Amino acid sequence: QVQLVESGGGLVQPGGSLRLSCVASGSLLSSYTLGWYRQAPGEQRELVATITSRDVTYYSDSVKGRCTISRDNAKSTVVLQMNSLKLEDTAVYYCNYREWYSDHTVWGQGTQVTVSS
């Protein structure tokens, strides 16, 4: 059973940077996608960025050019580096693991990111 634990959230000023990490414990299959989603108060959860087990990445338009997603296979960790943060980036950020063929999905508990001056 895969479990996800996020860390790295916090309070940052506009224009600042944060690095979110997600450690996946358990047995990851060979074909999967790890990703970051976020949910602001009163809003639906939205996709931020994903990376596959083949290292193919995807970014939403809202973060493209400001964020980089990467993974360390040996440490079963996925990292989201966020730069040039904006007020509208404020949300709870969730790590997500999805197996390709079964569509089995696991969510982390979330980490709060607050961008405020």
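Within every chain, residues take consecutive numbers counted from 1 along the sequence as written. At least 70 in pLDDT is required for a residue's local features to be given in this predicted model, at least 80 for side-chain atom pairs to be given and counted, and no such filter applies to totals for whole chains, interfaces and linings, which use all residues. Only hydrogens and water are removed before side-chain values are computed, so all heavy atoms of the structure are retained for them.

**Q** Outline the sheet that holds strand 3 (residues 18–25), listing residues and values.
**A** Two strands pair under a simple rule: DSSP has to find at least two bridges between them. The helix count covers DSSP runs of H or I at least four residues long, the strand count covers runs of E at least two residues long, and both are numbered beginning at the N terminus. The strand order across the open sheet formed by four strands is 1-3-8-7, and the pairing between neighbours is antiparallel. What marks the edges here is a single partner per strand, and that holds for strand 1 (3–7) and strand 7 (67–72). Strand-to-strand twist across the sheet, computed as the mean angle between neighbouring axes with direction ignored, equals 15°. Note that strand 7 and strand 8 (residues 77–82) share six bridges and pair antiparallel. Note that in strand 8 the partner of D72 across the bridge is T77. Note on definitions: angles span 0 to 180 degrees between N-to-C directions of axes, and those axes are lines fitted to C-alpha atoms, for helices only across the stretch in contact.

**Q** Explain the state of the cysteines to me, using residue names and the numbers behind them.
**A** Disulfide: a pair of cysteine sulfur atoms within 2.5 Å of each other. Following the criterion strictly, the structure yields one disulfide and no others. Note that C22 is cross-linked by a disulfide to C95, the S-S spacing being 2.1 Å. Linking C22 and C95, the disulfide has an S-S dihedral of approximately -85° and is accordingly described as left-handed. Highlighted residues: C22 in strand 3 and C95 in strand 9 (residues 91–99), separated in sequence by 73 residues.

**Q** Any details on the nonpolar core? Residues and values, ideally.
**A** Inside soluble globular proteins, nonpolar side chains tend to come together where they are buried. In these notes, a set of buried Ala, Val, Leu, Ile, Met, Phe, Trp, Tyr and Cys residues joined through side-chain atoms within 4.5 Å is what counts as a nonpolar core. Each residue gets one of three labels from its accessible area relative to the maximum for its type: buried under 20%, exposed over 50%, partly exposed in between, using a 1.4 Å probe on protein chains only. The biggest cluster of nonpolar side chains holds 28 residues, and the ones touching the most others in it are L4, W36, I69, V78, L80, M82 and Y93. At the level of secondary structure, the elements contributing two or more residues to this core comprise strand 3, strand 4 (32–39), strand 5 (46–52), strand 7, strand 8, strand 9 and strand 11 (111–115). We call two residues contacting when some pair of their heavy atoms lies within 4.5 Å. Beyond its immediate sequence surroundings of up to four residues, Y93 is in contact with E6, L20, W36, Y37, R38, V48, L80, M82, G110, T111 and V113.

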